[in-house]
Amino acid sequence: QVQLVESGGGLVQPGGSLRLSCAASGSIATIYIMGWYRQAPGKGRELVALFPSGGSTNYADSVKGRFTISRDNAKNTVYLQMNSLNAEDTAVYYCYANLARTGTASRYNYWGQGTQVTVSS
């Protein structure tokens, strides 16, 4: 089994900052990509940022210059530093990982349970 556990969501005022964390655990052989998606009320799930192993980070245009994704490979953990938050950033944020489980070369997608981020005064 593989689990992605997120933390760090909450309520923040416009212009504020939050840092999300997501730790992957279980029978993991190789993590190829870690990242974040979000889903606002009444909207579909959208990419926020991705961090491929050995590759370049990728951000949605709406968060470029405000959000920063980082990884700690030793801890199988991905972070999302979110600055200059505004109401449009309000959403449930989901951690994502593309990885191979121990004993197999096949790659699968995994998702966290989601963490709520609310930007409001």
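Participant: Quick question: what am I supposed to make of the state of the cysteines here?
Facilitator: Should the sulfur atoms of two cysteines be covalently bonded, the bond is a disulfide. Using the criterion set out here, one finds 1 disulfide in the structure. Between the sulfur atoms of Cys22 and its disulfide mate Cys95 the distance is 2.0 Å. Residues Cys22 and Cys95 are joined through a disulfide that is left-handed, its torsion about the S-S bond being -80 degrees. Of the two residues, Cys22 is situated in strand S3 (residues 18-26) and Cys95 in strand S9 (residues 91-101); the sequence distance between them amounts to 73 residues. Of the two residues examined, Cys22 and Cys95, each falls in the buried class.

Participant: In this structure, what is going on with the pattern of salt bridges? I would like to understand it.
Facilitator: Oppositely charged side chains can pair when the atoms bearing their charge come close. Under the defined criterion, the tally for this structure stands at 4 salt bridges. Ionic pairing is found between Lys64 and Asp61, a salt bridge with its closest N-O pair at 3.1 Å. Given the relative accessible area of 64%, Asp61 is considered exposed. Residues Arg66 and Asp89 are paired through a salt bridge, measuring 2.8 Å at the closest nitrogen-oxygen approach. Placement of Arg66 in the loop between strand S6 (58-59) and strand S7 (67-72) and of Asp89 in the loop between strand S8 (77-82) and S9 is noted, with a sequence separation of 23 residues between them. Each of Arg38, Glu46, Arg66 and Asp89 takes part in salt bridges that share partners, so that together they form one network.

Participant: Please clarify how unusual backbone geometry should be interpreted in this entry.
Facilitator: With the exception of glycine, the majority of residues adopt a negative phi angle, and the majority of peptide bonds are in the trans configuration. A positive phi is found at Asn76, a non-glycine position, where the angle reads about 50 degrees. Locating Asn76 in the fold gives a position in the loop between S7 and S8. The phi torsion at Ser84 lies on the positive side, around 50 degrees, for a residue other than glycine. Residue placement: Ser84 occurs in the loop between S8 and S9. Ser84 gets classed as partly exposed once you look at its relative accessible area, which sits at 43%.

Participant: Help me out: how do you make sense of the environment of Leu80 in this one?
Facilitator: As for its position among the elements, Leu80 is in strand S8. Leu80 gets classed as buried once you look at its relative accessible area, which sits at 0%. Remark: the alpha-carbon pair of Leu80 and Ile28, spanning 52 residues in sequence, is separated by 22 Å. Filtering out sequence-adjacent residues up to four positions away, Leu80 remains in contact with Leu18, Arg19, Leu20, Trp36, Val48, Ala49, Phe67, Thr68, Ile69 and Tyr93.

Participant: Would you explain the sheet that holds S3 in this entry?
Facilitator: Strand pairing in a sheet relies on backbone hydrogen bonds, with the paired strands running either antiparallel or parallel. Spatially, S1-S3-S8-S7 is the arrangement adopted by the 4 strands of the open sheet, whose pairing is antiparallel. Looking at the sheet topology across the chains shown, the edges are occupied by strand S1 (2-7) and S7. Taken pair by pair, the neighbouring strands of this sheet meet at an average axis angle of 15 degrees, ignoring direction.

Conventions adopted
Residues numbered from 1 in each chain as written. Predicted model: local features only at pLDDT ≥ 70, side-chain atom pairs only at ≥ 80, totals over all residues. Heavy atoms only, no water. Disulfide = S-S within 2.5 Å. Helix = DSSP H or I, 4+ residues; strand = E, 2+ residues; numbered from the N terminus. Buried < 20%, exposed > 50% of the residue type's maximum accessible area, 1.4 Å probe, protein only. Salt bridge = Lys/Arg side-chain N within 4 Å of Asp/Glu carboxyl O. Contact = heavy atoms within 4.5 Å. Pairing = 2+ DSSP bridges. Axes fitted to C-alpha atoms, helices over the stretch in contact; angles between N-to-C directions.

By themselves, these are just geometric observations and shouldn't be taken as functional.
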